[in-house]
Amino acid sequence: MLNEQFHIAVPTAFLEDESLDLDGTINHIRNLYKQGIKSVLVSGTTGEQHSLNQQEKMELLNRLEEEEELINEMEIIFGVSSVRQKKAEELAERIQETKIAGVMLGFPPYILPTQEEAVSYAKSIMKRSKKPAILYNNPKRTGFDLSVGSILELSKCELVLGIKDAGAKEKVEAIKKHLMRNEFYFYAGGEVDLEEKIAYGYDRLSSIAGNIAPRVINNWFRGLLEGRQEKEQEIKERAMILEQVYQGNAIVNVKKILNQKGSQVGICRSPIGN
């Protein structure tokens, strides 16, 4: 079970030659932990996952295992997705051996599987990871949109806890109408249109802006869930943070701000950041 309503999708750190920077990535996670953050998503949804080859993903996984305090005290979610199912299965089998709390199960970009193929792909990965899973639907990045029927089919699997970026209001309502279980979570991917999404049923957040202001974004999100009114100063502070992150390319902005603050996460892999 993943108990945290709020996690931060952390960027992967890269050195100037675009090689993987394990120290930079782990130091940023440790920084967030020291600021009270209890859950992070690694190798996930910051648009960098598919630039990591299998060896790099394994290295990142191995390094996380060495960080005893982080792996024992945080809910660490690991992103699993690949154009090739066999690679995703291999990663899932390795994750099964670790204390990783859960997986963010993404779908292959570009190749456009059928709904039946995508359901089979997801079931195969879960069978191997044996970890709680969040389905990740991102048609804008992958070209593939998981249907209501496929979501409902996968929701029958005990390991599936919810879905990130399920879709628009009508789709969320259709899913909720036909769900055969009480606990199924809807994760918003980032802060864009967050108020609107919460109004029609999203109840968890996979945060991007939390990388640079974890407490502010976490408090804002929890306030939205509770229906709490923001104070004027809170509105100004939060609006400034979101503008800094989302005016342009979010991951480029996040890395730039973190580097300026002394948390060295390096560059993005080109062409991102050109």
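Residues numbered from 1 in each chain as written. Predicted model: local features only at pLDDT ≥ 70, side-chain atom pairs only at ≥ 80, totals over all residues. Heavy atoms only, no water.

Engineer: Would you explain the pattern of salt bridges in this entry?
Structural biologist: Taken as a whole, this structure holds 15 salt bridges when the rule is applied. One salt bridge in this structure joins Glu67 and Arg63, with 3.2 Å as the shortest N-O distance. Exposure remark for Glu67: the relative accessible area of 13% places this residue in the buried category. What makes Arg63 buried here is its relative accessible area of 17%. Across the salt bridge formed by Glu89 and Arg128, the nearest N and O atoms sit 3.8 Å from each other. Of this pair, Glu89 sits in helix α4 (residues 85-96) while Arg128 sits in helix α5 (residues 115-129), placing them 39 residues apart in sequence. Under the relative-accessibility criterion, Arg128 is labelled partly exposed at 26%. Linked by salt bridges that have partners in common, Asp23, Arg30, Arg63 and Glu67 make up one network. (Salt bridge = Lys/Arg side-chain N within 4 Å of Asp/Glu carboxyl O. Buried < 20%, exposed > 50% of the residue type's maximum accessible area, 1.4 Å probe, protein only. Helix = DSSP H or I, 4+ residues; strand = E, 2+ residues; numbered from the N terminus.)

Engineer: Would you take a moment to explain the pairing of strand β2 (residues 39-42) for this structure?
Structural biologist: Residues in a regular strand project their side chains so that they alternate between the two faces of the sheet. In β2, alternate side chains face the same way, and those of Ser39 and Leu41 on one face and Val40 and Val42 on the other are all buried. Pairing geometry for strand β1 (residues 6-9) and β2, over two bridges, is parallel. For Ile8, the partnering residue across the bridge sits in β2 and is Val40. In the classification by handedness, the crossover that spans β1, the intervening helix α1 (residues 22-34) and the parallel β2 is right-handed. Two strands pair when backbone bridges link them, and β2 and strand β3 (residues 75-80) are joined in this way by four bridges, in the parallel orientation. Paired with Val40 across the bridge in β3 is Ile76. (Pairing = 2+ DSSP bridges. Right-handed = clockwise from strand over helix to strand, strands pointing away.)

Engineer: Whenever I open this one, helix α12 (residues 250-260) confuses me. Can you help?
Structural biologist: Since there are 3.6 residues in each turn of an α-helix, residues three or four apart along the chain are aligned in direction. Taken residue by residue, α12 has Ala250, Ile251, Asn253, Val254, Lys255, Ile257 and Leu258 as its buried positions. You can read the cap of α12 off the contacts: a side-chain oxygen lies 3.1 Å from the backbone nitrogen of Ile251, and it is on Asn249. (Polar contact = N/O pair within 3.5 Å; in protein donor to acceptor, adjacent residues only side chain to side chain.)

Engineer: What am I meant to see in the layout of surface pockets here?
Structural biologist: Empty space among the atoms becomes visible once a probe the size of a water molecule is rolled across them. In this structure, the largest pocket encloses a volume near 950 Å³. Around the largest pocket, the lining comprises 38 residues; the ones closest to its centre are Tyr136, Asn138, Lys140, Arg141 and Gly189. When contributions to the lining of the largest pocket are tallied by element, the ones reaching two or more residues are α6 (139-142) and α12. Here the residues of the lining of the largest pocket are counted per class, giving 13 nonpolar, 14 polar and eleven charged. (1 Å grid on protein atoms, 1.4 Å probe; cavity = no way out; pocket = protein on both sides within 12 Å on 5 of 7 lines; lining within 4 Å. Points joined across faces, edges and corners; volume = space filled by probe spheres on them. Nonpolar A, V, L, I, M, F, W, Y, C, P; charged D, E, K, R; others polar.)

Engineer: Where do I start with the side chain of Asn138 in this structure?
Structural biologist: By secondary structure assignment, the location of Asn138 is in the loop between β5 (133-136) and α6. Setting aside residues no more than four positions away along its own chain, Asn138 makes contact with Gly143 and Phe144. (Contact = heavy atoms within 4.5 Å.)

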